[in-house]
Amino acid sequence: LTLGHRRFMLISGPLSLSNSQDRVDGVRAELTDAGVQIADEDFIISRDAVVIEPGAAEQVARRLRESDRPTAVIAGGFYLTLGAMQAIHKAELSIPRDVSMVGFDDPVSAALLNPPLTTVRQPLEEMARRAYQVIFRAMNDGTNGMSFDRLPAELVVRDSTGPVSEQ
């Protein structure tokens, strides 16, 4: 948004998975707060949580060829992001000159991509620590083990995002 983007594509895994649904809800809430809506044709749900399945990949490719294509793509997982980047390159578009790209999950390899990927980093060590504590308590004092904690994520800005360019 701060780079001038107003046409976004959101690529998600199945919404039956809580992490996919949470990411979609978060993106939509931020965009709505800024007065931006994601068009129906720019909300792509892959049946596969890890990679973009062929039908969804074709939707992405088709939209990227249109004159009113999105100028920014947000993918709800690292491998979904790789599939989106592949579709962007196949459409002969450049990241970030033509399309900015943001992904989730910040593996070490995200910084090694060309261009290095802007990602949303989750506090994995803290998540693991808290999960261990819940399981430990459940095993030792009989609590039900249910817990809900919302931990802050961090936007790691790299070279895959840039200002919107005129198409």
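Described below are features of the structure shown in this document. None of these values were measured; they are calculated from a predicted model.

### A word on the packing of aromatic side chains
Aromatic ring pairs are described here by two measures, namely the spacing of the ring centres and the angle between the planes. Counted under the stated rule, the structure contains 2 aromatic pairs. A ring pair is formed by F78 and Y79, whose centres lie 5.6 Å apart and whose planes are at 70 degrees; its orientation type is edge-to-face. Given a relative accessible area of 9%, F78 falls into the buried group. Classification of Y79 as partly exposed rests on a relative accessible area of 49%. A cation over an aromatic ring shows up here: R28 above the ring of F43, its NZ or CZ 4.3 Å from the ring centre.

### Considering the pairing of strand 3 (residues 72-75)
Residue alternation in strand 3 divides its side chains into two sets, A72 and I74 and V73 and A75, and both sets are buried. The pairing of strand 1 (residues 8-12) with strand 3 spans 4 bridges and is classified as parallel. Across the sheet, residue F8 finds its bridge partner in strand 3, namely A72. Examined bridge by bridge, strand 3 and strand 4 (residues 100-104) share 3 bridges and lie parallel to one another. Counterpart to V73 in the pairing with strand 4 is M101.

What counts, and where the lines are drawn
- Along each chain, residues carry numbers from 1 onward, in the same order as the chain's sequence is written.
- Reporting in this predicted model follows two pLDDT cut-offs: at least 70 for local features of residues, and 80 or more for side-chain atom pairs to be given and counted; totals over whole chains, interfaces and linings ignore these cut-offs and use all residues.
- Calculation of side-chain values draws on the structure's entire complement of heavy atoms; hydrogens and water are dropped beforehand.
- Each pair of aromatic rings taken from Phe, Tyr and Trp, with Trp reduced to its six-membered ring, is defined by centres within 6.5 Å and is described as stacked if the planes are under 30 degrees apart, edge-to-face if over 60, and tilted in the remaining cases.
- Accessibility here uses a 1.4 Å probe with only protein chains present; expressed as a share of the type maximum, an area under 20% marks a residue as buried, one over 50% as exposed, and anything in between as partly exposed.
- For a lysine, the NZ atom is tested; for an arginine, the CZ atom; a charge sits over a ring if that atom is within 6 Å of the ring centre and within 35 degrees of the ring normal.
- Secondary structure elements are taken from DSSP: a helix is a run of H or I of four residues or more, a strand is a run of E of two residues or more, and numbering for both begins at the N terminus.
- Strand pairing is assigned whenever DSSP identifies at least 2 bridges connecting the two strands.

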